[in-house]
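Observations on the three-dimensional arrangement
The lines below spell out each chain.
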Amino acid sequence: RLGHRAGDANAGLFVGIQREWVVAEPGRFGEVDRAYVEQAMAASPAPWAWATGLAWIDAACGRTDQAREQVEALMRDDLAALRLDANWHAAMDLAEALAILRDGEGAERLYAHLRPYAGLHAVAARAVLWYGPVDHYLGVLALTAGDADRAQRHLAHGVEECERVGAGARAAAG
């Protein structure tokens, strides 16, 4: 209500994003309102950003065929569907889906796509939602691709970044 009173047309969207993250972040994907995600995807000018989340949800819930279908569409044509714009954070959802699906080839491709963003933090919806250090996701992707040494370096840097910004709980969970 406060966001609407302030005249922010995205207030409802931001609340929905936070509600879904509250159950997704601790791994309670079965509680995610899939219909909400599908409606948001259908109405969004950036449906790919929602598709990455749907791929993660499906993979985490064991709907691997659906997850792979989303992933294949997103990975087509050298990741042409991914726009590293205001919605670039959604690539982190794709990283999670690739890891769950154990897609080493896809992980390597997304790693190369995200490598220039090492050292940054991913946020969504004007920083309404913090994904954490990109290095965490680069580490997950490197591990999925089978490179434990590279993964360790990124994951260690991710933990350092979390500690630096006072996000110890995220660092421990990541």
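It should be noted that the structure appears before, not after, this text.
As a starting point, this report considers the structure included with it. (Residues numbered from 1 in each chain as written. Predicted model: local features only at pLDDT ≥ 70, side-chain atom pairs only at ≥ 80, totals over all residues. Heavy atoms only, no water.)

Turning our attention to unusual backbone geometry. Within the chain, Leu-79 stands out as a residue other than glycine whose phi angle is a positive 65 degrees. Examined against the element boundaries, Leu-79 turns out to sit in helix 5 (residues 64–79). Judged by its relative accessible area of 2%, Leu-79 is buried. You will see that Arg-102, though not glycine, has its phi angle at about 55 degrees, which is positive. Tracing the backbone shows Arg-102 in the loop between helix 6 (90–101) and helix 7 (104–114). Using a relative accessible area of 73% as the deciding quantity, one classes Arg-102 as exposed. (Helix = DSSP H or I, 4+ residues; strand = E, 2+ residues; numbered from the N terminus. Buried < 20%, exposed > 50% of the residue type's maximum accessible area, 1.4 Å probe, protein only.)

Moving on to the side chain of Gln-70. By the element assignment, Gln-70 lies in helix 5. Judged by its relative accessible area of 19%, Gln-70 is buried.

Worth remembering: the numbers are spatial, not functional.
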